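Chain residues, written in single-letter form:
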Amino acid sequence: MTTITNTRTNIKVQCIAVIGKQNNPIYVRNFSTIHSDLKYHYIAHTSCDVIEERVNAGPKTTDAYLGLLYAMEDLAVYGYLTNTRVKFIVVLAVPDAIIKDLDMKIIFYKIHTVYINQVCNPFYNIDGSKSIVSKRFIAAIDSIGRYSDGIEEEKR
């Protein structure tokens with residue numbers, strides 16, 4: 001059985017973005033007090049181009065985790081692509097320590113699980129271009145972003 005527990009690491013989530021299959025922002029959440037929402041919208045759209053380049057240029061892989069997309073100034077941008085072409089973008093404050101891929105995969109797995117729960121809602125329009133406004137989705141993303149500084153997977 002696998003459980004996820006919180007232990008201290010250096011992951012500081014600044015933004016979580018969910019981008020639709022037509023590259024439309026479905027949800028962008030800013031956890032930063034330093035940068036504006038506009039900056040993270042720009043980063044999310046720039047990340048779409050990087051993801052498309054990687055998918056088109058690289059070999060076909062079954063791993064949805066794309067890893068570090070790029071770094072800019074004091075931020076590191078990571079990406080994840082679902083099999084339905086929905087993109088998850090996580091922006092981190094660049095720490096002094098190394099960020100493990102396993103920690104990022106756990107964060108993306110949590111985001112993907114929350115998104116799947118949202119999509120399974122019969123009242124959600126999966127092909128719509130509107131933003132997600134579900135209180136349950138927003139609360140779950142907030143908990144991932146606020147408490148992600150210390151995620152480690154433990155096997156029992």
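Residues numbered from 1 in each chain as written. Predicted model: local features only at pLDDT ≥ 70, side-chain atom pairs only at ≥ 80, totals over all residues. Heavy atoms only, no water.

Asker: Whenever I open this one, the overall build of the chain confuses me. Can you help?
Answerer: In terms of helices and strands, the chain carries three helices and seven strands. The secondary structure elements of the chain, listed N-terminal to C-terminal, are β-β-β-α-β-β-β-α-α-β. Excluding contacts between residues fewer than 6 apart, the proportion of contacts in the chain whose partners are at least 24 apart in sequence is 61%. For the chain, the accessible area works out to roughly 9,100 Å², and carbon and sulfur atoms hold 54% of it. (Helix = DSSP H or I, 4+ residues; strand = E, 2+ residues; numbered from the N terminus. Contact = heavy atoms within 4.5 Å. Areas by Shrake-Rupley, 256 points an atom, 1.4 Å probe, with all protein chains shown as cover.)

Asker: Can you help me understand the sheet that holds strand β2 (residues 13-19) in this one?
Answerer: Pairing between the strands of a sheet is mediated by backbone hydrogen bonds and can be parallel or antiparallel. Here we have five strands laid out as an open sheet, ordered β3-β2-β6-β5-β4, and antiparallel in their pairing. The strands lining the two open edges of the sheet, one partner per strand, are β3 (25-30) and β4 (65-72). Adjacent strand axes in the sheet meet at a mean angle of 15° when their direction is disregarded. Sheet topology places β2 next to strand β6 (residues 87-93); six bridges connect them, and they run antiparallel. The partner of Ile 16 across the bridge, within β6, is Val 90. In the packing of helix α1 (residues 37-57) onto the sheet, the strands contacted are β2, β3, β4, β5 (75-81) and β6, and the crossing angle to β4 comes to about 130°. Sitting on the sheet, helix α3 (residues 135-146) touches β2 and β3, and the angle it makes with β3 is about 45°. (Pairing = 2+ DSSP bridges. Axes fitted to C-alpha atoms, helices over the stretch in contact; angles between N-to-C directions.)

Asker: What exactly am I supposed to notice about the pattern of salt bridges here?
Answerer: Here the idea is simple: oppositely charged side chains can pair when their charged atoms come close. Taken as a whole, this structure holds six salt bridges when the rule is applied. Close ionic contact of Glu 52 with Arg 85 constitutes a salt bridge, the shortest N to O distance being 3.5 Å. Of this pair, Glu 52 sits in helix α1 while Arg 85 sits in the loop between β5 and β6, and the two are 33 residues apart along the sequence. Under the relative-accessibility criterion, Glu 52 is labelled partly exposed at 21%. Note that Arg 146 and Asp 142 form a salt bridge whose closest N and O atoms lie 3.9 Å from each other. (Salt bridge = Lys/Arg side-chain N within 4 Å of Asp/Glu carboxyl O. Buried < 20%, exposed > 50% of the residue type's maximum accessible area, 1.4 Å probe, protein only.)

Asker: Any chance you could explain helix α2 (residues 101-119) here in plain terms?
Answerer: Since one α-helical turn is 3.6 residues long, residues separated by three or four positions face the same way. For α2, built from 19 residues, the straight-helix expectation of 27 Å at 1.5 Å per residue is met to within 8% by its first-to-last C-alpha distance of 26 Å. All of the buried residues in α2 are Asp 103, Met 104, Ile 106, Ile 107, Phe 108, Ile 111, His 112, Val 114, Tyr 115 and Gln 118. (Expected span 1.5 Å × (residues − 1).)

Asker: For this particular structure, what's the right way to read the pairing of β4?
Answerer: Looking down a regular strand, the side chains alternate between one sheet face and the other. Burial analysis of β4 places six of its eight residues in the buried class, the great majority of the element. Adjacent in sequence and paired antiparallel, β4 and β5 are bridged by two residues, among which Glu 73 carries a positive phi angle near 50°.

Asker: In this structure, what is going on with the environment of Val 114? I would like to understand it.
Answerer: Among the secondary structure elements, Val 114 is positioned in helix α2. Of the residues examined, Val 114 reaches a relative accessible area of 14% and is grouped as buried. As a C-alpha pair, Val 114 and Ala 139 span 25 residues in sequence and 9.9 Å in three-dimensional space. Discounting residues that sit within four places of it in the chain, Val 114 has contacts with Phe 137, Ala 140, Ile 141 and Ile 144.

Asker: What's the story with unusual backbone geometry in this structure? I'm lost.
Answerer: Leaving glycine aside, a negative phi is the common case for residues, and trans is the common case for peptide bonds. One non-glycine residue, Asn 23, adopts positive backbone phi at about 60°. Turning to its location among the elements, Asn 23 is positioned in the loop between β2 and β3. The class of Asn 23 is partly exposed, set by a relative accessible area of 28%. Positive phi, close to 70°, is recorded for Arg 85, a residue that is not glycine.

Asker: Hey, could you run me through the side chain of Asn 30 in this one?
Answerer: Along the chain, Asn 30 turns up in strand β3. A relative accessible area of 13% places Asn 30 in the buried class. Here His 35 takes part through its backbone oxygen, which lies 3.1 Å from a polar atom of the side chain of Asn 30. Here Asn 30 is in contact with Gln 14, His 35, Ser 36, Asp 37 and Tyr 40, once residues within four sequence places are set aside. (Polar contact = N/O pair within 3.5 Å; in protein donor to acceptor, adjacent residues only side chain to side chain.)

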